[in-house]
Amino acid sequence: MTASALEGLARSMRRTDQSQPPKPRQGHAPSAVAVTYFGQFVDHDLTLDTTPLREAGWSRPIHTINHRTPWLDLDHLYGDGPCSSRHHHLYESDDASFRLGYSAYGGEPFDVPFTYDGVLALADARNAENIIVRQIHAMFLKLHNVAIRELPQSLPPRERFDRARDRVRWQYQRLVRNWYLLEICHQEVYDAVFEAGDRRIDWSHDGFAIPVEFSVAAMRFGHSMVRAKYKLQASGEDIPLAKLFGVQNNRALDRSLKINWEFFSGSSVTAESNPIDTTMAAPLFELPDEHIDLYVRTPVPHPPPSLALRTLTRAAAMRLPTGQQVRDVLGEDDIPRTPVGDGDPWEPLRAVGLDQDTPLWYYILLEAQLSPGLAPERETKRKKGGFGATLGKLGSRLLAEVIAASLQDDPTSFVRRYGPTWPGEPWTTPDGKQIQVESLAHVARVVGM
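If you're wondering where the values come from, they're calculated on a predicted model, not measured in any experiment.

**Q** Explanation requested: the overall build of the chain in the structure shown.
**A** Counting secondary structure elements, the chain contains 17 helices and six strands. In the chain, which comprises 449 residues, the proportion classed as buried is 57%. In the chain, the share of contacts with a sequence separation of at least 24, taken over all contacts with a separation of at least 6, comes to 74%.

What follows is the structure, given as structure tokens:
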């Protein structure tokens, strides 16, 4: 894959229609905005490669360092814990509870804390790259504190912390497995992996690790779901994406930036993500250096500013297999060549000579764009058919199998401790009701956000 071919393909991905809401597509039923950014939160939990783009590919993929654990253990939230020198500043003096930010709405804080030097206090700075992920991070800080309050005060601080952390981790793992993946993955693949045990990736030889095909390609499908503007409240004004970047909000958040999570998790057209396809919002082609610096930890500048080109170039430098090669290994069908709607979606690939050797990330996006999803008779309230509504079968299999293996490999996961059908513990809302947490909106209800 030549640099010029990747540059041409990246240019073709720029979404020109920035209207709000997204233009509906045949049968399209996209996920809520909450799903997009919870996916980013999950990605930050599983993967962190600080290699600058200019050095990508210097090491073999098997030697690429992932600075996160390969488990859904919220290490980007908890860091090394309250008794560590590195992350003690994230916690209250009780050595069990998290500190919270000063920004409040209706008397309830909704922001992350700051250090005494005025820097955001996070175990992973990427969770402040935009104010949506930042508020998800704050939500889980608060969920941990709810778990702390429900434990006996007589317990030693270390035991209170450990028990609360276990409860929050297990709840989070259940959300990833039973809510997020069900929203994102093709239903047939989800059922095959989690219900029928159809696993096609063999981890027995080298043991489980997050594969680069997941971290550099498959898990980056969410880039296409990002919108150019968002309403944070049902009656609020449209806010351009650039104003939601963390570099624009390196201070306590204003009340006007508080997210209504019931709205963000609902079915309103103004709270929908963009479809999963081969286009991306224009602001993602003009990333500021400070935004990129959250990932690479090297002096600015960091050209190019196009997220599409950065993603394609990194994957090529790391010599990732093509979409066709991964498709053949995992035994999934080829993408249909029949056009859907106006235009020929294969034309950008043919124009740069990559229609037979397609970058894996682009292949996954194109597969989603051309996959019809569920048949009408299988549609449910939570799961609908439609092109671009979910990943296709190859993208779904990569996500589902890696996360299923991660939960199985983690000796402390709820799957290993209680089994995959464990219903979890109910939580108590601020008004005293007990609920089972089955979505991110439920977490927000429990913590008063």
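**Q** Quick question: what am I supposed to make of helix α17 (residues 440–447) here?
**A** An α-helical turn contains 3.6 residues, so any two residues separated by three or four positions project in the same direction. For α17, the tally of buried residues reaches six of eight residues, placing the bulk of the element in the interior. Of the positions making up α17, those classed as buried are Leu440, Ala441, Val443, Ala444, Val446 and Val447. In the segment just after α17, glycine 448 is the residue with positive phi, at about 80°.

**Q** What am I meant to see in the nonpolar core here?
**A** Note that soluble globular proteins tend to have their nonpolar side chains buried in a common cluster. Of all hydrophobic cores here, the largest spans 131 residues; its most connected members are Phe38, Phe140, Phe221, Tyr230, Trp261 and Leu399. Other than its neighbours up to four places away in sequence, phenylalanine 38 contacts Ile136, Phe140, Tyr172, Leu175, Val176, Trp179, Tyr180 and Leu440.

**Q** Sorry if this is basic, but what is going on with the side chain of serine 97 here?
**A** With respect to the secondary-structure elements, serine 97 resides in the loop between α3 (75–78) and β1 (104–105). Setting aside chain neighbours within four positions, we find serine 97 in contact with Tyr91, Glu92, His144, Asn145 and Ile148.

**Q** Hey, could you run me through the packing of helix α12 (residues 323–330) against helix α15 (residues 393–409) in this one?
**A** When two helices pack together, their arrangement is captured by the angle between the axes and the distance separating the axes. α15 packs onto α12 with a crossing angle of 70° between their chain directions and a minimal axis gap of 10 Å. Taken together, the axes of α12 and α15 are roughly perpendicular relative to one another. Of the two possible hands of crossing, α12 and α15 adopt the one that is left-handed. Contacts from Gly323, Val326, Arg327 and Leu330 of α12 reach α15 at Leu394, Arg397 and Leu398. The residue inventory of the contact of α12 with α15, partitioned by class, reads four nonpolar, one polar and two charged.

**Q** What is the right way to read the confidence of the model for the chain from this model?
**A** Regions with low pLDDT carry predicted coordinates that are not meant to be interpreted in detail. Of the residues in the chain, 85% reach a pLDDT of 70 or more, and the chain-wide mean stands at 88. pLDDT under 50 marks residues 19–28. Its contacts with residues more than four places away, or in other chains, come to 30 contacts. Considering only residues more than four positions removed or in separate chains, one finds that residues 293–297, a stretch of pLDDT under 50, has 18 contacts.

**Q** Would you mind showing me how to read the packing of helix α6 (residues 187–195) against α15 here?
**A** One way to put it is that α6 packs onto α15 with a least axis distance of 9 Å and a crossing angle of 25°. The angle between α6 and α15 falls in the class roughly parallel. Here α6 runs over α15; the crossing is right-handed. Each of Glu188, Val189, Ala192, Val193 and Phe194 in α6 lies in contact with α15, whose residues at this interface are Lys393, Ser396, Arg397, Ala400, Glu401 and Ala404. Classifying every residue of the contact of α6 with α15 by side-chain character gives six nonpolar, one polar and four charged.

**Q** So what exactly am I meant to see when it comes to helix α5 (residues 157–184) here?
**A** Relative to the 40 Å expected for 28 residues at 1.5 Å per residue, α5 spans 38 Å between its end C-alpha atoms, a close match to the ideal helical length. Along α5, the helix axis deviates most sharply at valine 176, where the bend reaches about 35°.

**Q** What's the story with the pattern of salt bridges in this structure? I'm lost.
**A** Side-chain pairs of opposite charge can arise whenever the charged atoms involved come near each other. In total, this model carries 24 salt bridges according to the counting rule given. Across the salt bridge formed by arginine 158 and aspartate 162, the nearest N and O atoms sit 3.2 Å from each other. One end of the pair is arginine 158 and the other is aspartate 162, both in helix α5 and four residues apart, which spans about a single turn. Judged by relative accessible area, which is 23%, aspartate 162 ranks as partly exposed. Aspartate 238 is the partner of lysine 231 in a salt bridge, and the nearest nitrogen-oxygen pair spans 3.4 Å. Put simply, Asp198, Arg200, Glu332, Arg397 and Glu401 are held in one network by salt bridges that share partners.

**Q** I tried to follow the side chain of serine 413 on my own but got confused; where do I start?
**A** Along the chain, serine 413 falls in the loop between α15 and α16 (414–418). Its relative accessible area of 0% is what places serine 413 among the buried residues. A polar side-chain atom of serine 413 sits 2.6 Å from the main-chain carbonyl oxygen of leucine 407. Every residue in contact with serine 413, bar those within four places of it in the chain, is listed here: Trp170, Gln173 and Leu407.

**Q** Where do I start with unusual backbone geometry in this structure?
**A** Most peptide bonds take the trans form, and the phi angle of most residues other than glycine is negative. Of note, the phi angle at leucine 74 is positive, near 60°, even though the residue is not glycine. Here leucine 74 is to be found in the loop between α2 (33–46) and α3. Positive phi outside glycine occurs at arginine 319, with the angle close to 60°. Its location among the elements puts arginine 319 in the loop between α11 (307–317) and α12.

**Q** It is not clear to me how the environment of histidine 223 should be interpreted in this structure. Could you clarify?
**A** Relative to the assigned elements, histidine 223 resides in the loop between α7 (212–217) and β3 (229–230). In this structure, the C-alpha to C-alpha distance between histidine 223 and leucine 307, residues 84 residues apart in sequence, is 8.4 Å. Non-local contacts of histidine 223, meaning those with residues more than four positions away in its chain, are made with Met280, Leu284, Leu307, Thr311 and Trp361.

**Q** What is the right way to look at the environment of leucine 365 in this model?
**A** By secondary structure assignment, the location of leucine 365 is in helix α14 (residues 360–370). Judged by its relative accessible area of 0%, leucine 365 falls in the buried class. C-alpha of leucine 365 to C-alpha of glycine 392: the two residues are 27 residues apart in sequence and 8.3 Å apart in space. Once you skip the residues sitting within four places of it in the chain, leucine 365 turns out to touch Met13, Phe221, Ser224, Ile276, Asp277 and Thr278.

**Q** Sorry if this is basic, but what is going on with the packing of aromatic side chains here?
**A** Two numbers describe a pair of aromatic rings. These are the distance of the centres and the angle of the planes. Applying the stated rule across the entire model yields 22 aromatic pairs. Look at tyrosine 91 and phenylalanine 98: their rings are 4.7 Å apart centre to centre, the planes differ by 20°, and that puts the pair in the stacked class. In terms of burial, tyrosine 91 and phenylalanine 98 fall into one category: buried. Look at tyrosine 418 and tryptophan 422: their rings are 4.5 Å apart centre to centre, the planes differ by 20°, and that puts the pair in the stacked class. Taking relative accessible area as the criterion, tyrosine 418 reaches 43% and is therefore assigned partly exposed. A relative accessible area of 17% places tryptophan 422 in the buried class. Three or more aromatic residues link up through ring pairs in this structure, and these residues are Phe38, Phe41, Phe140, Tyr172, Trp179 and Tyr180. Stacked on the ring of tyrosine 116, the Lys or Arg arginine 99 has its end atom at 5.7 Å from the ring centre. A cation sits over an aromatic face here: arginine 167 above tryptophan 427, 3.6 Å from the ring centre.

About the cut-offs
- Going along each chain's sequence as written, the residues are numbered from 1 onward.
- Restriction of local features to residues with pLDDT of at least 70 applies here, the model being predicted, together with a cutoff of 80 or more for giving and counting side-chain atom pairs; totals for whole chains, interfaces and linings are based on all residues.
- The basis for the side-chain values is all heavy atoms of the structure; hydrogens and waters are excluded.
- Per the convention used, a helix needs a DSSP run of H or I reaching at least four residues, while a strand needs a run of E reaching at least two, with both numbered from the N terminus.
- The buried label goes to any residue with under 20% of its type's maximum accessible area, the exposed label to any with over 50%, and the partly exposed label to all in between, with areas taken from a 1.4 Å probe on protein chains only.
- Here, residues are in contact when the closest pair of their heavy atoms is within 4.5 Å.
- For this analysis, a nonpolar core means a set of buried residues of the types Ala, Val, Leu, Ile, Met, Phe, Trp, Tyr and Cys, connected via side-chain atoms within 4.5 Å.
- Lines are fitted to the C-alpha atoms to define the axes, a helix being fitted only along its stretch in contact, and any angle between axes, read from their N-to-C directions, falls within 0 to 180 degrees.
- Roughly parallel refers to an angle under 35 degrees, roughly antiparallel to one over 145, roughly perpendicular to one between 65 and 115, and oblique to any angle outside these ranges.
- Helix crossings fall into two classes, left-handed where the near helix is turned counterclockwise from the far one by less than a right angle and right-handed where it is turned clockwise.
- Note on residue classes: Ala, Val, Leu, Ile, Met, Phe, Trp, Tyr, Cys and Pro are nonpolar, Asp, Glu, Lys and Arg are charged, and everything else, Gly too, is polar.
- Residue-level confidence of the predictor, termed pLDDT, takes values from 0 up to 100.
- Any helix carries an expected span of 1.5 Å times its number of residues minus one.
- Bend at a residue means the angle formed by two fitted axes: the first through the 7 residues ending at that position, the second through the 7 residues beginning there.
- Any Lys or Arg side-chain nitrogen located within 4 Å of an Asp or Glu carboxyl oxygen qualifies as a salt bridge.
- Under the rule applied, a polar contact is a pair of N or O atoms within 3.5 Å (in protein, one hydrogen donor and one hydrogen acceptor; residues adjacent in sequence only if both atoms are side-chain atoms).
- The aromatic pairing rule takes the rings of Phe, Tyr and Trp, using the six-membered ring of Trp, and pairs them if the centres are within 6.5 Å, calling planes under 30 degrees apart stacked, those over 60 edge-to-face and the rest tilted.
- Geometrically, a lysine NZ or arginine CZ counts as sitting over a ring once it is within 6 Å of the ring centre and also within 35 degrees of the ring normal.

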